[in-house]
Structure formats: structure tokens, C-alpha cells
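Spelled out, the chains give:
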Number of protein chains: 2
Amino acid sequence: MPLLMDLDNTDLSAMVDHGGLDIMRLNKHRHSSSSSSTPEKGKTSFNRLKVGLTEDYPKKNAEILSAQYGTNLLLFGAALILAVSSGSQVVREEHLLSFITTIMIVQLLWMLWYSVRRDRRKRRLSEKDAHGATRWLRGGITVLALLSLIMDAFLIGRYVGYKACASAAQAVYPVVHTVHTISQVYFLWFHIKDVVKTFETIERFGVIHAVFTNLLLWATGIMSESEHFMNAYRERHGTLNHTGVEHILECNCNTSACSMFANSLYYLHPFNIEFHILVSAMLFVMWKNIGRTIEPRHNKKRSVTNNAGLVLGPILGLVALTGTITVLVVYTVKLREAAVSQGGSENTMFYCHGIVMLACMCTAGTLGLVLYRMDNRPLDASKIPSRKLDTELLFGASMGSWLMSWCSMVAVVARGAPGYSWTGFLYSLLLILEKYIQNLFIIESLYRKHEVEPLSAPEVFAVPTPTHDLPCNGIVNRAYENQDGACENGRVQGCPPEHPAFPLSVPVTLSRKRQILKNIAIFLFLCNISLWLLPAFGCRPQYDNGSEQETFGSAIWTMVLNFAMPLNLFYRMHSVASLFEVFQKV
Amino acid sequence: MPLLMDLDNTDLSAMVDHGGLDIMRLNKHRHSSSSSSTPEKGKTSFNRLKVGLTEDYPKKNAEILSAQYGTNLLLFGAALILAVSSGSQVVREEHLLSFITTIMIVQLLWMLWYSVRRDRRKRRLSEKDAHGATRWLRGGITVLALLSLIMDAFLIGRYVGYKACASAAQAVYPVVHTVHTISQVYFLWFHIKDVVKTFETIERFGVIHAVFTNLLLWATGIMSESEHFMNAYRERHGTLNHTGVEHILECNCNTSACSMFANSLYYLHPFNIEFHILVSAMLFVMWKNIGRTIEPRHNKKRSVTNNAGLVLGPILGLVALTGTITVLVVYTVKLREAAVSQGGSENTMFYCHGIVMLACMCTAGTLGLVLYRMDNRPLDASKIPSRKLDTELLFGASMGSWLMSWCSMVAVVARGAPGYSWTGFLYSLLLILEKYIQNLFIIESLYRKHEVEPLSAPEVFAVPTPTHDLPCNGIVNRAYENQDGACENGRVQGCPPEHPAFPLSVPVTLSRKRQILKNIAIFLFLCNISLWLLPAFGCRPQYDNGSEQETFGSAIWTMVLNFAMPLNLFYRMHSVASLFEVFQKV
């Protein structure tokens, strides 16, 4: 074996001198020819190894290292979730809860360590990612956190009620979850925009741990939610068998508020689920930002925009919202009476309402895209992790709903069922189209370089003016958000190549085009809230559709729905947030 | 409604003049105040709209537009696959085959159009992506294509045998698939490295259509493969029910070679599946390259490297391969005798063999990573889509196997089964570790800037030499692969900042470090082939494991395996290709 024998002869020993591995010194002693290894020298090389293993560690590798750790954390959790949801009582819910409690505590310890370390060297200027989380997003998440806290209180209440037959894990979990939620909101407000530059590999592990802890909490939430829903469904159809979370309801409650707690939990679940997925998305952006060099961006000072002309969008949107709430109430009442049936009037109502709303949304989105095509300008190509993630999440979350829609359409065509089914077919088709168009609209809006103040006099395009003559309050590049400081270079960069010159006049109100875009954004915003409300509060006629169940079999169709429904809910929530950003941006 | 009334007053009409939408002219006629719209002017604005919709279309949006189309194509196919595999005879196999045949024909037409158009303006220099597909990869895919063609011949043979009860789609499909496979191999050799610059939006649709057609063919292949496997499994356990592909075997065969065809198909399936996933990955890289600007890179002229010292890696690898083939033969023989049982000697053999091999692989990977840490150099940060995709595919494909392993470990711990189960536990743990380490090793190898000729005299580090005194055959930046032309600037760029000077001497043989790395790469290469062989040819004891089935229930565990097995097969195939590249690179 000539290979291993010569191993330490030439360049390896050089590498030991040059910051290599200490183990190799053993071999060096045998063969040592040139370099004399004194204890000091060994200590130096050991220190160099330490440096090599922490700070010099290549960024790409550190990313993969931590991403793989996080993925395995999630997959282990997924294995536990699968075992619990299979209903075989080998792995029980308390095992899953214990695991989640443990990783939540680990996250809490890391957040504590991080905050203390960060606060200590506050004097040094720390970089912030201006694109990270907007104030609105953080505010929204805080509201979701409050609702999650109420859920925790109810969980504790339920535990007290069923103390006799509940395990200790069911008491510890909501307590730790409460602390965890409050700490995360604190972290969100004060540290989420941090751009970590030191101890990178170690902090990367902390952040990715937090990301996947939240993802796991999200997955657990989805599991209990769909389990709850399936049980309610089976109860209506008289085929209930008690498993998992429902299990503890079997024993006697010793307080009067038990049923109140159990029922309210059902309505609070969606908010908790959304809280965790949004937090994990924001932490993921923080993770992507580690070690990144941020160009100097100042805090956004948004000029107060004149929202005159914002009439049609809000009105139509509120009409859609009102209609949706009516449908929801009627459906829920029928559901309580256990009178929902395939092809019933409440189903026809649901589908017709959906078709009208989706058709309007398609039209609005198309109009927005046409407006963009009429004024082609280059997209902003700068790399912003949060925006890239937004795009990918929108696109990825669409898939669930698309798969569900395609399955419905295949079922209708395959069975050729008359009448009512074709309403479902049209509804599915519009659902696909609507997501297709809306994604295009949102993504283009996010990537477009929008002007701060629009053009009003069209003739100016024909009269080129030298760029350096423009006044400072003309076009300002939005990447430099501090308008005072960046005006000198912002003005030049703000001019796309095909528009060599911009007008001198400063318009007083919004231009018509921007008015229309703002109306579209607000209309789509309200419609997406509507489309989130319906499934979030139990209006899911897809579960009762006969033709899909006959075509795919009950097992596969339920699997498709359990995959698609949470993704769809997340899609709506996420597009609401994105459309709000679009509304502010255009 | 003040909004819509004022719509065409100010800037909208300007936009019509400036290349806007023709529809708007209708409004303009009513209100027109300033600009007189003659027919010529209208024609110009229509042409401008056409330009606006094709060439000026923002790249980001064109990407999303085509990606969404492709995704929906796949999801529709997935809906059909789900309907077919559910076994309810509403959607039958011929429907799925007809759909796939149609989209294959569309792809064929597009490839024809593309090739003709491309050949016509061959005179103009067209850009090529040097990183696209290496000769080795294309050669490998050609071999897989040949095996796919044999499979098609067998499918036609089987159709002839069962003509009486087979549908026309089952005859048309293999014929079209044959033409499709041959055309794709042609396309692969002559066009896959093209960087498309013209007609971008339209060509983007063509390429993405090709990507998702291949993905769908891959998914169909996996469906029939796992269906076939599950049927063989049920047959052994006496619970067979005929569905799908197996259905036609029920009628009488009128040629003698029928069973030969049916059995051989089983062994040819894995190659066809790999063919389609690899082609779709390569087409995806082509899609990502559309509209990209490639820096001038010349064709790789690889110096013939002296492979002396390449002994231990190949020997150990061949030992692993031989052992694997032995295990495979023993297992398959036992399987034929229907004697495979949970905890049998062949299972113990499988797990022990796996544990030893995986432990060796972990050690080899760790050694490689330690060698890299001993010589920290910055990673190559240039953006190469094919390399990024390689990384993501490795990482994504690992997930299937990781989930399976975690489920196994949860099952063993939950049931606390003695003896044999802990072998499975150790095997799963090592499987996770091995993929973790191997991914890190491959990704770092791909991203590292490797020197062409290594250093041999360690003392040189201490004697800085001015860079401009170095001879031209010293260190050459690998990005500029034409060594003659790029030597002047390559030399300077090739020097990482922490090594200000490099030796004057040109080493004759490989350095020890590179020898070790090459040995590691070749060892891992052979081991991955081994780990691919076992499940590809039916050695899947995981399906027979009792403890997992008891913990997760038969349905969930089979679902996990049907998800994880194809991903695992793909992971092994892909890491074999990547390790080959690593072997050439270090």
C-alpha cells in the first residue's frame, strides 16, 4: 500500500505547519526531516486548526452543514407525526409533545444567548437588512401571536379539566409554548433584521434550529387541525373512531368550561398555524442573510401617498368579503344541522359565489399585467433573499391547490356527471387560472422598479432633457431609500435606459395608472382574505364531493386534500401579505 | 366611478403612443385631444405591443410564466397517475398513456422546429455553456437511452403478444417513446449546451415543456415500477389483486416470448427511469441558461493526469461491489424461493454488509473533509446553474432516504425489539450520517478552486516570491480553461489571497493529498454504485420489516417507502455522476 505509507512525507507535513490537523503530528515525529516541532509550534498549529474549523469555514459548506441538520430535525419530527397519526398506540402524542417541547427549550436557550451577546456589543454598529420584515408584517405576526397565546391558555384550561387522564407533557407543552411565543415576538421586533457576521457557523445552527422548530410546530398544528376536521367529518357521517388528540375527550371533564375550551381551540388553530409558518419564513430570511454583505440602505421614509381615486377596488372587495361571510354563515349553520350533502343548495351557492369572485380576480389580475406590459421597464435584478423567498413560497404553495383542482377536473371529465359537477369543473379551472395570473401580477409588482412620483405629461417622452438638469425631487432610485442622502446618484440610476429623460413637473395626485394598480391590489387583497376565511373556518365542500371520491378512492382523495388544504390556506395568507406590500409599493 | 371614466385621459394615451395596447385605441377615438391616430401610427403601436409581449417581456416574469405552465402540466399528469393507481377503473391506463403520448409529440415538434431554426443560422457564433453536460454524462445517458430502447422493443413485443386485450394506446406509446428517446439523445449531443438568446419567451416554453414531459415520464416509470414491485410482493404474501399494468397479463398470450418480455421489463425499468430524470435535469439547466450571459470560456482541455497511487480506493471499492453482488444474488435467489422473511439470515446479511460499507464510506468522507479543512481556500462563488442544481438535487434527494431512516429508528426505539432490530437501527443511523457527510464532501469538492498542479515543496510558503515572476505553467485559473490564451490573467486570479506566492517547481506526479482525495472519490463512487444496485434490482428488505409496519401501519409505511425508494435510487445515481466529476476535478 504505497499510498498510506507516503502519506505524511511531503505536502501533508507542510499543511500541518500551515494550520493543519494536530493528529498528523504523530506521523510527523516518525519521519520528521526539516521542520523542528517545538510545543509552541504545535500549539500554534492547533490554534490554526481551530480557526480553520470555525471562522474560515467556507460559507457554502456551513450552509449545507446547518441546512442538513435542520432537515433531519424536521424529518425526525415528521416520522413521529406519522407514527402518532397512524393511530397505532405505540408512539403516543405525549412522545411527540415531549420532543417538540425539548427543541423549543433549546431554541429558547439559543435566543437568550444570542440576545445577551448582541446587547453586550451594542455600541458597535450592527448591520440590518432593510428588506427583512416590514412593520406591517411584524404587527400582523404579533396579532397572530396573541391569538396563539389565547390558544395556549385554552390548552392549559383543557388540561385542568381532563387532568385525570392527560399526561404531564400536555401540561408542560402549552406552558413552554407560551414562553416560546412571547420570546419569539421579542426576537422578531429586535433581532430579525440582524445580519450576523461573527461566529457564523454556530449562529447558523441556532437560526436554522429556530426555523425548523417553527416548521415542526406548523406541521404539528396541521396534523391536529386535519385530525380534528376529519373527526368532525366522520362524526357527521357516523363513522367516528377516537384517536390522538380526541382521545382525552373520552374521559369525564371536571370543570364546566371543557366543551367551550375544546370548541374554541378549533377556531384558534388556523392562527397558530399561520404564526409559525410566517415566523419560520422570516427566520429563514435571517439565515440566508448570515455572512451577507448588505449595501448601505437607510430606513424607509415613505412619503404619505394621496389615496384619492381608491374607490372601486375597496368597494368590490368589500362586496366580495360580505358575500363570503354570508356563504360561510349559511354553510356553517347547515353543517351544524348535519344537513350538508353532495349537490345541495349550499354547495351550489359555494361554487357559484366562488366562480363569480374568481372570474373578477382573473380580470383584475389580467388588467394589472396589461398595464405593466404597456409600460415595459427593466426589473430590479438586485438579490434580496426575502423577495426571492416570497416568490418561491407563492409558487410552491400554489402547487397544493393546483393538484387538487386538476384532480377535481379529471374526476368530472372521467365520470361525465351532469349539472352540478360542471360548476365544480369551472370553479377548479378558474382557481388554477386565478393563481396563475395572481402569481404573475404579484411577482412582477415586487420586482418592478416603481417610480416614487409618476409621469403626468405624456409629451415629455418626445423632448429629451439632459439627465443632470433634473431636479432632486424627480425620479429617485428606491434602492436608496433615504431620499436626501442618495439623491445625487439615485437620480441617474433611477432612469431606465429606454427612458432617457423624465419630466420636470411634480404631479400632485396619483397617476391614473397607479390608481388602477392600487385598486387592483386592494381588491385582490380583500378577495384573498375571503378565500382564506372559507376553508379556515371549516367550509370545505371538497371533502364531501362524491365524484372525486369515486374516481380516486377515499384514501387517495383524502390524502390529496390533507396535502393541499394547508398549502392553500398558507397561499392565501401569504398572498394577502404580498398584496399589501404591492399596494404600498405601486 | 371617477376612476374608470378618467382612465384614458392622460398617461394611458401616452402609453398607447409609446408602444402600448391596441385595444385602448377605441377609447382614444372618443376622447382624443392631442395625438392624431393615423392607420400607420396604429400599426406601429401594434408592432410595439408585439415587441412588448415577446422580446421586452421581463425575464423574471417569462420564467414564472413558463415554470407555472410546466408545473401544471406535471400536476395534471399527477392527477391522472393518482386516478390510475387508485385502481378504480374510471380512469384507465390508456388515458394516461394517450396524454403522455400527446405531450411527447408536442415535444418532438418543438425539438424539430428548434433544430431547424438553429441549423439555419449556424454561421452566427452561438454561445455554449461549458459547464452544461460533460462528455461522460452524455455518454452515460446514451447508454441509458439504449437500454430504454430495448425496453420499448419489449413493450412492443408484449403488445403483439397480448394484442387481443390491449388498447391501441399501448401500441402507439412505445413507438412514440422510441422516436422521442432517439430525438432526445440527438438533442442532448448537439443542442443541450446552447444558450438561447432569441425568441426567449417562446423557447422557454418549449424547454420547460421538455423538462416536465421527462419528469412525467419519470413519474409514470416510478408508478409502474412500484406497482410491479408491490404486486410481486403481494403475490409472495398471497394477497395479489390485479390492477393497472398487470391487468393485461390476465388474458392469454399468443406468442411464446410473453413471460420473457414481461420479466425483462422489470429489470429494464430502472434504467428508463434514470434516463428521464437525468435528461430533465439537463434540460432544466438549459432552461435556467436562457437569456444568460456566459463569460467567455473555452473548451476544457484536460491535461492527462498521472493516476499513480490510485490503489487503495479502487481495491476497497471493488471489494464492496463484489460483496454487494453476492448479497444481491443470495437475496434474489431467496426471493424467488419466496423464503425471505423478517429477521431471516439474508436480512441479517443485508444489514451487516450495509453497516460495514456505510461505516467505511463515513470514514472516507470524513477524511476528505479533514483534508479540505487542512488547506482552507475560498470557494468558487461564480454562478453556474448546473452546479447549483447538482447541489440542490443531492440535498433534495437525500430527504427521502432520511425520512425512511428516521421512521425505522423511531419504530425500533418505540417497540424496543431486541437483537436483529438494532442492526436495522444502526444501519439507518449510518445511512443518515453517510449521506450527511457525503453531501458535504461532494458539494465542497464541486465548489472548491482546485489547483491544476499541486504544491510539492512545503518550504516555499515561507519564501514569498513576487507574483509576476512566476512562470506561465505555474498556477492557472481553472475558469479560463484554455491554458494558452488565459495564462496572463489566469495566473494572478488563480492565487487565493492567503497564499501570496506559489512554487516555481512543476511537480511530476500527483501530490499525496490529491492522491488521497482521488482514492476517496473512486471508493465512494463504487460504493454508491453498490448501494444503487441493491434496491434497483429488488433487494428491498425494508418492505418486509415488521416493526415499522406495526408502528406506522401498513398504509403509511408503504407510502413512505414508495416516496423514499425512488428518491433514494435517484440519489445514488446522481451521486455516482457527481463523484465522477469530483474524481476528475481533484
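Rules of the game
- Per chain, residues are indexed from 1 in the order of the written sequence.
- Lettering for chains starts from A, numbering for ligands starts from 1, and both go in the order in which the items are written.
- With the structure being a predicted model, the display of local features is reserved for residues of pLDDT at least 70 and the display and counting of side-chain atom pairs for 80 or more, all residues being used for whole-chain, interface and lining totals.
- Derived side-chain values reflect all non-hydrogen atoms in the structure, with water molecules and hydrogen atoms excluded from consideration.
- Labels follow the DSSP assignment, with helices taken as runs of H or I lasting at least four residues and strands as runs of E lasting at least two, numbered in each case from the N terminus.
- Contacts are assigned to residue pairs with any non-hydrogen atoms lying within 4.5 Å of each other.
- Note on areas: these come from Shrake-Rupley sampling with a 1.4 Å probe, and a residue is covered only by the protein chains present in the view.
- Three exposure classes are used, based on accessible area relative to the maximum for each residue type with a 1.4 Å probe and protein chains only: buried under 20%, partly exposed in between, and exposed over 50%.
- Buried Ala, Val, Leu, Ile, Met, Phe, Trp, Tyr and Cys residues that are joined via side-chain atoms within 4.5 Å together make up what is termed a nonpolar core.
- Pairing of aromatic rings covers Phe, Tyr and Trp, the last through its six-membered ring, and needs centres within 6.5 Å; plane angles under 30 degrees mean stacked, over 60 mean edge-to-face, and all others mean tilted.
- A patch consists of residues whose relative accessible area exceeds 30% and which take part in no salt bridge; residues with like charges are grouped when within 9 Å of each other, and nonpolar side chains (Val, Leu, Ile, Met, Phe, Trp, Tyr) when within 5 Å.
- When a carboxyl oxygen of Asp or Glu lies within 4 Å of a side-chain nitrogen of Lys or Arg, that pair is called a salt bridge.
- Note on charges: Lys and Arg go in the positive column, Asp and Glu in the negative column, and His and the chain ends are not counted at all.
- The atom standing in for a charge is NZ when the residue is Lys, CZ when it is Arg, CG when it is Asp and CD when it is Glu.
- Pairs of cysteine sulfur atoms within 2.5 Å are what we label disulfides.
- Multiplying 1.5 Å by the helix residue count minus one yields the expected span of that helix.
- Consider a residue and the seven residues that end there alongside the seven that start there; fitting an axis to each set, the bend is the angle between those axes.
- Only C-alpha atoms enter the line fits that serve as axes; for helices the fit covers just the stretch in contact. Angles between N-to-C directions range over 0 to 180 degrees.
- Note that the term roughly parallel is reserved for angles under 35 degrees, roughly antiparallel for angles over 145, roughly perpendicular for angles of 65 to 115, and oblique for everything else.
- Here the term charged refers only to Asp, Glu, Lys and Arg, the term nonpolar to Ala, Val, Leu, Ile, Met, Phe, Trp, Tyr, Cys and Pro, and the term polar to all other amino acids, Gly among them.
- One number per residue, pLDDT, summarises how confident the predictor is, and it ranges from 0 to 100.
- Note on convention: the crossing is left-handed when the near helix lies turned anticlockwise from the far helix by less than a right angle, right-handed when the turn is clockwise.

Caption draft 1: The overall build of chain A, seen in detail. For chain A, the helix and strand inventory stands at 17 helices and zero strands. Nonlocal contacts in chain A, meaning residues at least 24 apart in sequence, comprise 85% of its contacts between residues at least 6 apart. Counting only carbon and sulfur atoms, one obtains 65% of the accessible surface of chain A, whose full area is about 24800 Å².

Caption draft 2: Layout of the environment of B:Gly309. Residue and element names in this part refer to chain B. Mapped onto the elements, glycine 309 comes out in the loop between helix H10 (258-289) and helix H11 (312-336). Under the relative-accessibility criterion, glycine 309 is labelled buried at 18%. With 207 residues separating them in the primary sequence, glycine 309 and isoleucine 516 have C-alpha atoms 8.5 Å apart.

Caption draft 3: Main features of the side chain of A:Ser578. By secondary structure assignment, the location of A:Ser578 is in helix H17 (residues 546-585). If we ignore the near neighbours within four places in the chain, the residues touching A:Ser578 are A:Leu394 and A:Ile442.

Caption draft 4: The nonpolar core, seen in detail. Within the largest apolar cluster, 144 residues are counted, with the highest numbers of intra-cluster contacts made by A:Phe552 and B:Phe441. A per-element tally of this core places helix H16 (residues 512-536) of chain B first, with 15 residues. Core analysis: the next-biggest nonpolar cluster, separate from the first, contains 143 residues, A:Leu80, A:Phe537, B:Leu403 and B:Ile556 among them.

Caption draft 5: Seen up close, the packing of aromatic side chains. All names here are of chain B. Here the structure, examined in full by the defined rule, presents 38 aromatic pairs over all chains. Ring geometry for phenylalanine 76 versus phenylalanine 99: centroids 4.8 Å apart, planes at 85°, classification edge-to-face. Note that phenylalanine 76 is positioned in helix H5 (residues 59-85) and phenylalanine 99 in helix H6 (residues 93-120), a separation of 23 residues in sequence. Phenylalanine 76 gets classed as partly exposed once you look at its relative accessible area, which sits at 23%.

Caption draft 6: Region of the structure containing a positive patch on the surface. A grouping of A:Lys288, A:Lys383, B:Lys288 and B:Lys383 is seen on the molecular surface, where their side chains present a positively charged patch. Looking at the element boundaries, B:Lys288 is found in helix H10.

Caption draft 7: Examining the pattern of salt bridges more closely. In this structure the tally under the stated criterion is 18 salt bridges over all chains. Between B:Glu203 and B:Arg117 there is a salt bridge, with its nearest N and O atoms 2.8 Å apart. In this pair, B:Glu203 sits in helix H9 (residues 200-236) while B:Arg117 sits in helix H6, placing the two residues 86 residues apart along the sequence. Using a relative accessible area of 1% as the deciding quantity, one classes B:Glu203 as buried. Linked by salt bridges that have partners in common, A:Arg373, A:Glu444 and A:Arg448 make up one network.

Caption draft 8: Local environment of the state of the cysteines. Taken as a whole and judged by the stated rule, the model has zero disulfides over all chains. No disulfide involves A:Cys362; its sulfur sits 9.3 Å from that of A:Cys360, the nearest cysteine.

Caption draft 9: Quick look at H10(B). Residue and element names in this part refer to chain B. End to end, H10 covers 45 Å across 32 residues, agreeing with the expected 46 Å (1.5 Å per residue, within 8%). The principal kink in H10, of about 40°, is found at tyrosine 267, preceding the proline proline 270 by one to four residues. Along H10, 26 of the 32 residues are buried, which leaves the element largely enclosed by surrounding structure. Phi turns positive one or two residues past the end of H10, at glycine 291, with a value near 80°.

Caption draft 10: Layout of the packing of H11(B) against H16(B). Residues and elements named next belong to chain B. The interhelical angle for the contact between H11 and H16, taken along N-to-C directions, is 10°, at an axis separation of 7 Å. As judged from the angle between their axes, H11 and H16 are roughly parallel. Contacts between H11 and H16 involve Leu312, Gly313, Pro314, Leu316, Gly317, Leu318, Ala320, Leu321, Thr324, Ile325, Val327 and Leu328 on the former and, on the latter, Asn519, Ile522, Phe523, Leu526, Cys527, Ile529, Ser530, Leu533 and Leu534. Broken down by class, the residue content of the contact of H11 with H16 amounts to 16 nonpolar, five polar and no charged.

Caption draft 11: Representation of a nonpolar patch on the surface in the model. All names here are of chain A. Together, Ile156, Val160, Val175 and Val179 make up an exposed nonpolar region whose accessible area comes to about 280 Å². Secondary structure elements with two or more residues in the nonpolar patch: helix H7 (135-161) and helix H8 (169-190). Take valine 160: it is sitting in helix H7. With relative accessibility at 38%, the residue valine 160 sits in the partly exposed group.

Caption draft 12: Local environment of H5(B). All names here are of chain B. Here H5 is 27 residues long and its end C-alpha atoms lie 38 Å apart, about the 39 Å a rise of 1.5 Å per residue gives. With 20 of its 27 residues buried, H5 lies for the most part within the structure. Positive phi shows up at glycine 87, right after H5, with a value of about 85°.

Caption draft 13: Looking closely at the confidence of the model for chain A. Residue and element names in this part refer to chain A. Taken residue by residue, chain A gives an average pLDDT of 75. The fraction at 70 or more is 70%. Across chain A, the element-wise mean pLDDT spans from 34 in helix H1 (residues 2-5) up to 93 in H8. Ignoring residues within four places in sequence, the model shows residues 1-41, a span with pLDDT below 50, making 67 contacts including any to other chains. Throughout residues 453-508 the model reports pLDDT below 50, and contacts reaching past four residues in sequence, or to other chains, amount to 79 contacts. Predicted complex, confidence summary: ipTM 0.72, pTM 0.73.

Caption draft 14: Structural detail: the packing of H8(A) against helix H10 (residues 258-289) of chain A. Residue and element names in this part refer to chain A. At a closest axis distance of 12 Å, the pairing of H8 and H10 adopts a crossing angle of 45°. In terms of orientation, H8 and H10 fall into the oblique class. Where H8 crosses over H10, the handedness of that crossing is left-handed. Of H10, the residues touching H8 (which contributes His177, Thr181, Gln184, Val185, Phe187 and Leu188) are Asn272, Phe275, His276, Val279, Met282, Leu283 and Met286.

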